[in-house]
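Here are the chains, one letter per residue:
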Amino acid sequence: MTTSDGAGVIERIGFRMSEVVERWMPSPFVFAILLTYIVYVAGLVATDSGPVELLEFWYGGFWAFLGFSMQMVLILMTGFVIAYHPRVNAILQRLAEIPNTGAQAAAFVGFISMSLAWVHWGFSLIMGAIFAREMGKVAHRKDINIHYPLLAVAGYMGLGLTWHWGISGSAPLQLTDANNIGEGTGFEFLTSTVPAAETIFHPYALTLTALSIVFASAVLYVLAPSGSRAKGITEYVDEAELFDTSADGGRAADDAVTDGGTDAADAADPVDEPPAEVDDVPAERMNNSRIIGGLVALSGVAILALQFAGQGLGAFTLNAVNFGFLFAGLLIYQRPAYYRDRFNEAAGAAAGIVLLFPFFAGIQGIMADSGLALLLAEGLLEVSTAATYPVVAWIVGSVANLFVPSGGGEWLVVGPSVLQAAEGLGVPYGQATIAYAVGDAHTNLLNPFWALPLLAITNVKAREMFGYAIAMLIALIPFLAVSLYAVPY
């Protein structure tokens, strides 16, 4: 169905929603602050906790997950470093030549981002951002009518849909680690770990992933604005800088640091191979030795291979994923000094996580210690049956993620209730975990926290892209509900 100006109804709805969000959405940092007060008031109203007690919960939770924060920073930084390797970047530039229309471009960027997110969410986030930017540049050169903020949303779709069902998914990986279950943990009722074969690699999760990638790509296609509504990359990046690789990245997004971004002038520069000549001193030769870098990288790969040879899919843990990508990056860069320099650049992309994660951990402290999280989970789970349970678990994950946008952190709080309810209904732990993970990823399309590095790389502000992100979130609701109910485990 089209309107008199030739635009589809879905396209016009998405454009209007984008206008509203662009006007009203605060920066991610302010978003976190406002959310803190909302949860604080909810704790006063819904629990027996007093105002001072809630403040103590907030302060107590503020530093509760520093170890997990470091794991998340490493996931992002290892993904960033690999994504900016010159050969990887060259592949993206060639792929960007494929689409011939703005709608095709949006769908294609989304498809790539969602597919990569199953492998590594940090890799997908950075690659999606770079690919969106490269697509915008190619479209400008070829005079293709694209809407750049929608390309940014497409690059973010991996975090907004498929990451938590893949091999870097926090909730499934936590259940593979014996340290996270049993006595002294929230999962003390579990007598053994839940292997990745029952979650990430189960046909249930793989089917949901494939169906969701196809459906979301189609929605991106029909959402793409046309005509005067489409704003190309030059609306956001100065045309004089657009093809200047030394300045690629332009301005940092207004959402940098205070919004959690990065120095885009550094973070978005395509990396070049280091010069062949180095100072003729032993220290510099060692720093730039491919032999040393290669030996260390191969040693890491060999250790990881031994882990998987001995444990099979049971070796898939969050630390194993980080370990693998850390040494894979060294393997493709080889020179230790060069790899270190790339990590220096990647550190800027993680600035938003470092700043905002303690605030969301404080929110989580209120949610957990006041009992607010349990009230939320138990209230929703009480209305479920064995057949509808996956849908309800998805809703639990969706709602919890609005208040604590940390897949692993919120799983520590809400996960025990989710799995205990599943046990009571006879629903497999693996199915319950994946259904919950779907919800956790889905509402990232409403919360700009994890989009911070993407905002800096693309030079798009959160309020400029999240209208379309919310449109995607709404469009996915009926599809996910039906899929979770109908796909057998």
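Bear in mind the structure is a predicted one, so any value in this text is a computation, not a measurement.

(A) A look at the overall build of the protein chain. Helix and strand counts for the protein chain stand at 23 helices and 0 strands. The proportion of buried residues among the 489 residues of the protein chain is 58%. Partitioning the intrachain contacts of the protein chain with sequence separation of at least 6 by distance along the chain shows that 81% fall at a separation of at least 24. For the protein chain, the computed accessible surface area is about 19,100 Å², with 64% contributed by carbon and sulfur atoms.

(B) Geometry of the side chain of Thr433. Inspection of the secondary structure assignment puts Thr433 in helix 21 (residues 429–442). On the basis of relative accessible area, Thr433 is assigned to the buried category, the value being 0%.

(C) View of the packing of helix 10 (residues 203–223) against helix 21. Contact geometry of helix 10 with helix 21 gives a least axis separation of 10 Å together with a crossing angle of 25°. As summarised for this structure, helix 10 and helix 21 are arranged roughly parallel, according to the angle between their axes. The interaxial crossing formed by helix 10 with helix 21 has right-handed handedness. Contacts from Tyr204, Ala205 and Leu208 in helix 10 reach Gln431, Ile434 and Ala435 in helix 21. Residues of the contact of helix 10 with helix 21, tallied by class, amount to 5 nonpolar, 1 polar and no charged.

(D) Representation of unusual backbone geometry within the structure. Even without glycine at this site, Asp143 takes up a positive phi of about 60°. Locating Asp143 in the fold gives a position in the loop between helix 7 (121–142) and helix 8 (148–162). Positive phi, normally seen in glycine, also occurs at Asn459, with a value near 65°. Secondary-structure assignment places Asn459 in the loop between helix 22 (452–458) and helix 23 (462–486).

(E) Representation of the confidence of the model for the protein chain in the model. Residues of the protein chain with pLDDT of at least 70 account for 83%, and the chain-wide mean is 80. Confidence drops under a pLDDT of 50 for residues 246–272, and excluding neighbours within four residues, the segment shows 83 contacts in the predicted structure.

(F) Seen up close, helix 21. The terminal C-alpha atoms of helix 21 lie 20 Å apart, and with 14 residues this matches the ideal 20 Å at 1.5 Å per residue to within 8%. With respect to burial, helix 21 is a largely interior element, 13 of its 14 residues being buried.

(G) Up close: the packing of helix 8 against helix 10. Between helix 8 and helix 10, whose axes approach to 11 Å, the crossing angle comes to 160°. Here helix 8 lies roughly antiparallel to helix 10, going by the angle between them. Of the two elements, helix 8 crosses helix 10, and the hand of that crossing is right-handed. Along the contact surface, helix 8 presents Leu150, Ala154, Met157, Leu161 and Thr162, while helix 10 presents Thr209, Ser212, Ile213, Ala216, Leu220 and Leu223. The class makeup of the residues in the contact of helix 8 with helix 10 is 8 nonpolar, 3 polar and no charged.

(H) Structural context of the environment of Ala129. You can see Ala129 is positioned in helix 7. Along the chain, Ala129 and Leu151 lie 22 residues apart, while their C-alpha atoms are 8.6 Å from each other.

(I) Focus on a nonpolar patch on the surface. On the surface, Leu298, Val301, Leu331 and Ile332 cluster together into a nonpolar patch covering about 290 Å² of accessible area. Taken together, the elements giving at least two residues each to the nonpolar patch come down to helix 14 (290–311) and helix 15 (318–333). Its location among the elements puts Val301 in helix 14.

(J) Molecular detail of the packing of aromatic side chains. Tallied over the full model, the rule gives 15 aromatic pairs. Relative to Phe131, the ring of Phe108 has its centre 5.7 Å away and its plane inclined at 75°; by these criteria the two rings are edge-to-face. Of this pair, Phe108 sits in helix 6 (residues 102–119) while Phe131 sits in helix 7; the two residues are 23 residues apart in sequence, bridging distant segments of the chain. Ring pairs connect the aromatic residues Trp58, Phe62, Trp63 and Phe359, which therefore count as one cluster.

(K) A look at the nonpolar core. Judged by nonpolar contacts, the single largest core of 143 residues is most densely connected at Tyr156 and Met157. If near-sequence neighbours (up to four positions away) are discounted, Tyr156 is found in contact with Ser113, Leu125, Asn444, Leu445, Asn447, Trp450, Ala451, Leu454, Met465 and Phe466.

(L) Fine view of the environment of Ile366. Note that Ile366 resides in helix 17 (residues 351–369). Residues Ile366 and Phe62, spaced 304 residues apart in sequence, show a C-alpha to C-alpha distance of 9.7 Å. Excluding its chain neighbours within four sequence positions, the residues that come into contact with Ile366 are Val39, Tyr40, Leu54, Phe57, Trp58 and Gly371.

(M) Representation of the pattern of salt bridges. Considering all chains together, one arrives at 5 salt bridges under this definition. The salt bridge involving Glu97 is made with Arg141; its shortest N-O contact spans 2.3 Å. On the criterion of sequence distance, the pair formed by Glu97 in the loop between helix 5 (86–95) and helix 6 and Arg141 in helix 7 is long-range, its members being 44 residues apart. Judged by relative accessible area, Glu97 falls into the partly exposed class, the value being 33%.

Each value, and the rule that gives it
Within every chain, residues take consecutive numbers counted from 1 along the sequence as written. Totals for whole chains, interfaces and linings use all residues, but because this is a predicted model, local features are given only for residues with pLDDT of at least 70 and pairs of side-chain atoms are given and counted only at 80 or more. The side-chain figures draw on all heavy atoms in the structure; neither hydrogens nor water molecules are used. Only DSSP runs of H or I with at least four residues qualify as helices, and only runs of E with at least two residues qualify as strands; both kinds are numbered from the N terminus onward. Type-normalised accessible area, obtained with a 1.4 Å probe on protein chains alone, sets the label of each residue: buried when under 20%, exposed when over 50%, and partly exposed for intermediate values. Contacts: residue pairs with any heavy atoms within 4.5 Å of one another. Note on areas: Shrake-Rupley, 1.4 Å probe, and residue coverage restricted to the protein chains presented here. For helices, the axis comes from a line fit to the C-alpha atoms of the stretch in contact; other axes are also lines fit to C-alpha atoms, and the angle between any two N-to-C directions lies between 0 and 180 degrees. Should an angle lie under 35 degrees it is considered roughly parallel, over 145 roughly antiparallel, and from 65 to 115 roughly perpendicular; all remaining angles are considered oblique. By the definition used in this description, the sense in which the near helix is turned from the far one sets the handedness, with an anticlockwise turn below a right angle giving left-handed and a clockwise turn giving right-handed. Following the grouping adopted for this structure description, the nonpolar residues are Ala, Val, Leu, Ile, Met, Phe, Trp, Tyr, Cys and Pro, the charged ones are Asp, Glu, Lys and Arg, and the polar ones are all others, Gly among them. The quantity known as pLDDT measures the predictor's confidence residue by residue, on a range of 0 to 100. To estimate how far a helix should reach, multiply one less than its number of residues by 1.5 Å. Distance thresholds for patches are 9 Å for like charges and 5 Å for nonpolar side chains (Val, Leu, Ile, Met, Phe, Trp, Tyr), applied to residues having over 30% relative accessible area and no salt bridge. Throughout this description, the term salt bridge denotes a Lys or Arg side-chain nitrogen within 4 Å of a carboxyl oxygen of Asp or Glu. Stacked, tilted and edge-to-face pairs are distinguished by plane angle, under 30 degrees for stacked and over 60 for edge-to-face with tilted covering the rest, among Phe, Tyr and Trp rings (Trp via its six-membered ring) whose centres lie within 6.5 Å. To define a nonpolar core, start from buried Ala, Val, Leu, Ile, Met, Phe, Trp, Tyr and Cys residues and group those joined through side-chain atoms within 4.5 Å.

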